[in-house]
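The chain contents come next:
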Amino acid sequence: MIWIETIANGIFLGGLYALIGLGLGFTFGVMKIVNIAQGDFIVAAAFIGLALAPWTPGAALLVVIPVAIIAFLIGLALQSLLINRVLGKDQIPQILLTFGIAIILRNGMVEWFGANSRSIPTGSLRFASFSVGGLRFGVLPALVLVIALCLFAALHWWLRHSRMGRTIVATADDYEVVQLLGVNYRRVYNIATGIALALSAIAGVLLGMRGSFTPYSGVDRLLIAFEVVIIGGIGSFWGMFAGGLILGVTQIVGLKFDPTAGLMYGHIVFFLILIFAPMGIAGLLRR
Amino acid sequence: MTALRISRKASRLRAPSPKLVLAGCGIAALILAAAPLALDVGDLRLIIEILTVFAFAQTWNLLAGYAGLMSFGQHLFIGLGAYCLFVISNRTGANPFYLLPVAFLFSAGAAALISPMVFRLRHAYFAIGVWVLAEVARLYVSQEDWLGSTSGMALVATRDMDHTWVALANYWVAVALGVVCTAGFYLLLTSRLGLALVAVRDNESAAAASGIDVWWTRFYGFAIASGVCGLAGAAYYMSVFHLEPGAAFDANWVVVMLFIVIIGGVGTIEGPILGTAIYFLLRGWLAGTGNLYLMLLGAAAVATMLISPKGIWGAVRRRYGIEIFSARRLAD
């Protein structure tokens, strides 16, 4: 019985991990760029959420909306002011640029907020629970999984059915050809980065509500996002979701056996998958 | 870069002959090796640090600038090399200086072992993949008592040796490392393997079509660079006598390597020399400012990418056509 509870908790956490991976995977899918600063932006979003939390008393979860909007704007600015200027066939400048931004963000947060561990207050939601078949689960973790699922479905739908979404998909396929159709691919990139950061920011705030964070948490977040994308299979939407669930379950089960292990078992599962299924879950299904 | 552009540019570049370059390296090494006659222990310690950090940066440059393999996990090999040397020396009582080649082989072997796995990842994914391995190593070492867990271990063997001799030996090891990472890498880059590395970096398909085995070329590049990085890691921690997982497997090592290489100029041998000088000047100047100093390193990386992605030496080379360590070869 205890195992069912453990695995369920892993799945709840995995939904969030999937959401972190979605931001990274989406940027890569559209622009073939990996934003190394993603993990630190996630932590920055949690700090913004912490600052805005007093403004939404009673409905703690609503704070994700303003944070997502701010993150979207930051994403627009980041892409248009910095990353667009180093686009090119050579990927090294883009990777190094975002790495530099990550270092600035991380140490800036240490400077301003200190290195202490914090958590975003959620009021009565923190300890609320419900029971199914004699097992008790937290309301917040379950809600978080539902939010993650909804965001995955919404993005999936939006990319297929809206004009902007289709433009993004077309740009991802061939950024040179879409220019013939009057699309400014740099503008599309701005919006894509905005969306990616907004998604990651939501995940960051929710992670900050479920657990704790420090300015140094960005590295772990980035590695999780990266593992989710590779486990799922690069470019696969629902593969990423499954990747998140696998990592979440592995981590919670691993911590049960070995409380000091941290993310180690998640990393090991990631490498096992990389050896035995290098194209990820999506690659396995396609075969 | 196409062949046409190389030949046109090469005619403008002034580069001294390889013999002159190697002679210059030899003279510089002799001066450095004789320096203990004039310097005190504190100065020697600083020079050891400068030379080993330079070696870290140069191995990163060999990977990112010449092999087209950017890795954010090179601190893995610093830790592996250092732990290999400490553990074997402490268990067997062996003289750690004789174990330096073992540290090299251990790190190079580890790189060879993980290559089949991490070479499945490309570009940024490769960079982060190695980083994950470094994280795994750090978490594993922190948990194991026989590796000293989180509190680490001290090097026992050098305690009973003559301290002046140990300091001098450490210093000469660092000087040798500096020579390997300039003259040695220069020779490597003008060899068949070096030219193959650059060819693969510039155009994988063209290199493969010319008969270069892309996978094995990358493999040798990765193993050599990681092996030397591990050797430098062992030398660095041998000179500070103490080792702990949080410091040895610290991702900030990569931040330092990256700063030095890209500020100086990625893909040039001169770049990291210049970058190391700038890094240590900045560090001395900003000592005690803590995080502001790291933020400045990040900002410098961002600014370099926006203004001159080839770094300071890249800009100098383009503007004045000067090149000291030229790995180019002119067609007769």
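Chemist: What exactly am I supposed to notice about the overall build of chain A here?
Modeler: When you go through chain A residue by residue, the secondary structure sums to 12 helices and 2 strands. For chain A, the N- to C-terminal ordering of α and β elements is α-α-α-α-β-β-α-α-α-α-α-α-α-α. Computed over its C-alpha atoms, the radius of gyration of chain A comes to 19 Å, within 12% of the 19 Å expected for a compact globule of 287 residues. Over its C-alpha atoms, taken along the principal directions, chain A stretches across nearly 60 × 50 × 35 Å.

Chemist: Looking at this model, I keep getting lost on a nonpolar patch on the surface. Mind explaining?
Modeler: Residue and element names in this part refer to chain A. Taken together, the side chains of Ile2, Trp3, Ile7, Ile11 and Phe257 present a nonpolar region at the surface, about 490 Å² in accessible area. When residues of the nonpolar patch are assigned to their parent elements, the largest contribution, 4 residues, is made by helix α1 (residues 2-31). Structurally, Ile11 can be placed in helix α1.

Chemist: Please explain the packing of aromatic side chains as it appears in this structure.
Modeler: Under the defined criterion, the tally for this structure stands at 37 aromatic pairs over all chains. Ring geometry for Phe47 of chain A and Phe213 of chain A: centres 5.1 Å apart, planes at 85 degrees, overall edge-to-face. A residue pair is termed long-range when its members are at least 10 positions apart, and Phe47 of chain A in helix α2 (residues 38-52) and Phe213 of chain A in the loop between α8 (185-210) and α9 (218-232) qualify at 166 residues. Where Tyr83 of chain B meets Phe249 of chain B, the ring centres are 5.9 Å apart and the plane angle is 10 degrees; that geometry is what we call stacked. Taken together, the residues span a long stretch of sequence, with Tyr83 of chain B in helix α4 (residues 75-92) and Phe249 of chain B in the loop between α11 (245-248) and α12 (252-264) at a distance of 166 residues. Through a chain of ring-to-ring contacts, the aromatic side chains of Phe77, Phe119, Phe126, Trp215, Trp216, Phe219, Tyr220 and Phe222 of chain B assemble into a single cluster.

Chemist: Is there a simple way to think about the interface of chain A and chain B in this case?
Modeler: How big an interface is tends to be reported as the loss of accessible area on association of its parts. Opposite the 42 residues of chain A that make contact, chain B presents 35 residues. Summed over both partners, the interface of chain A with chain B buries about 3,700 Å², with 81% contributed by carbon and sulfur atoms. Applying the counting rule to chain A against chain B returns 3 residue pairs in polar contact (both at pLDDT 80 or more). The set of elements that each furnish at least two residues to the side of chain A that touches chain B consists of α4 (92-113), α9 and α11 (264-276) of chain A. Broken down by element, the side of chain A that touches chain B gets its largest block of residues, 14 residues, from α4 of chain A.

Conventions adopted
Residues numbered from 1 in each chain as written. Chains lettered and ligands numbered in written order. Predicted model: local features only at pLDDT ≥ 70, side-chain atom pairs only at ≥ 80, totals over all residues. Heavy atoms only, no water. Helix = DSSP H or I, 4+ residues; strand = E, 2+ residues; numbered from the N terminus. Rg over C-alpha atoms; globule rule 2.2 N^0.38 Å. Patch = residues over 30% accessible without salt bridge, like charges linked within 9 Å, V, L, I, M, F, W, Y side chains within 5 Å. Areas by Shrake-Rupley, 256 points an atom, 1.4 Å probe, with all protein chains shown as cover. Salt bridge = Lys/Arg side-chain N within 4 Å of Asp/Glu carboxyl O. Phe/Tyr/Trp six-rings, centres within 6.5 Å; stacked < 30°, edge-to-face > 60°. Contact = heavy atoms within 4.5 Å. Buried area = accessible area lost by both parts, 1.4 Å probe. Polar contact = N/O pair within 3.5 Å; in protein donor to acceptor, adjacent residues only side chain to side chain.

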